[in-house]
Amino acid sequence: MSTVATWPTQTETWLDERGKPAWIAAMVLGFIFFWPVGLALLFYMIWSKRMFKGSCRHSRRRMERHAYQSSGNSAFDAYKADTLRRLEEEQGNFEAFLERLREAKDKSEFDDFMNERARKAKEADEPVDA
């Protein structure tokens, strides 16, 4: 009885490991052999957000785990660790740059708002010549 309950989970994990193309292939095959199966897979893919951004969470975790595993070659592992550290540092620098850019844009927009507000207040205070 327990194998019957786990086969959908095992199938889902197997498809997730192979990514979105495997899910699409399963859906197409479902439509070809028995259309309600294909339709059910399509609805499941939409409901579980496998058709959209952030899908196939297992493959992302597997890639992250694989990035830090040892290859057995110490020189390559040192190079890989250095490269990953440098990329993480560059990512941090880029995120800091984007934050400064957002702050500068916000300040510019706020200054424009305050200048326009002051200009409107000054125009309202000036008497109109008739």
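Residues numbered from 1 in each chain as written. Predicted model: local features only at pLDDT ≥ 70, side-chain atom pairs only at ≥ 80, totals over all residues. Heavy atoms only, no water.

Our next topic: the nonpolar core. In this structure, L15, A22, W23, M27, L41 and M45 together form the largest nonpolar core, which totals six residues. Of all the secondary-structure elements, those providing two or more residues to this core are α2 (20-33) and α3 (35-47). At three residues, α2 tops the list of elements feeding residues into this core. Residues contacting L15, with those up to four places away along its chain left out, are A22, W23 and A26. (Core = buried A, V, L, I, M, F, W, Y, C linked by side-chain atoms within 4.5 Å. Buried < 20%, exposed > 50% of the residue type's maximum accessible area, 1.4 Å probe, protein only. Helix = DSSP H or I, 4+ residues; strand = E, 2+ residues; numbered from the N terminus. Contact = heavy atoms within 4.5 Å.)

This part covers the confidence of the model for the chain. Per-residue pLDDT for the chain averages 81, and the proportion of residues at 70 or more is 80%. Here helix α4 (residues 57-67) stands out as the element of the chain with the lowest mean pLDDT, 61, in contrast to helix α5 (residues 74-125), whose mean of 92 is the highest. (pLDDT = per-residue confidence, 0-100.)

For any pair of aromatic rings, geometry is given as the distance between the ring centres together with the angle between the planes. As enumerated under the stated definition, the model contains four aromatic pairs in all. Ring centres 5.8 Å apart and planes at 35 degrees place the aromatic pair W23 and Y44 in the tilted group. Of this pair, W23 sits in helix α2 while Y44 sits in helix α3; the two residues are 21 residues apart in sequence, bridging distant segments of the chain. Its relative accessible area of 27% is what places Y44 among the partly exposed residues. Taking the centre distance of 5.8 Å and the plane angle of 40 degrees together, the rings of Y44 and W47 count as tilted. Placement of both Y44 and W47 in helix α3 is noted, with a separation of three residues, approximately one turn of the helix. (Phe/Tyr/Trp six-rings, centres within 6.5 Å; stacked < 30°, edge-to-face > 60°.)

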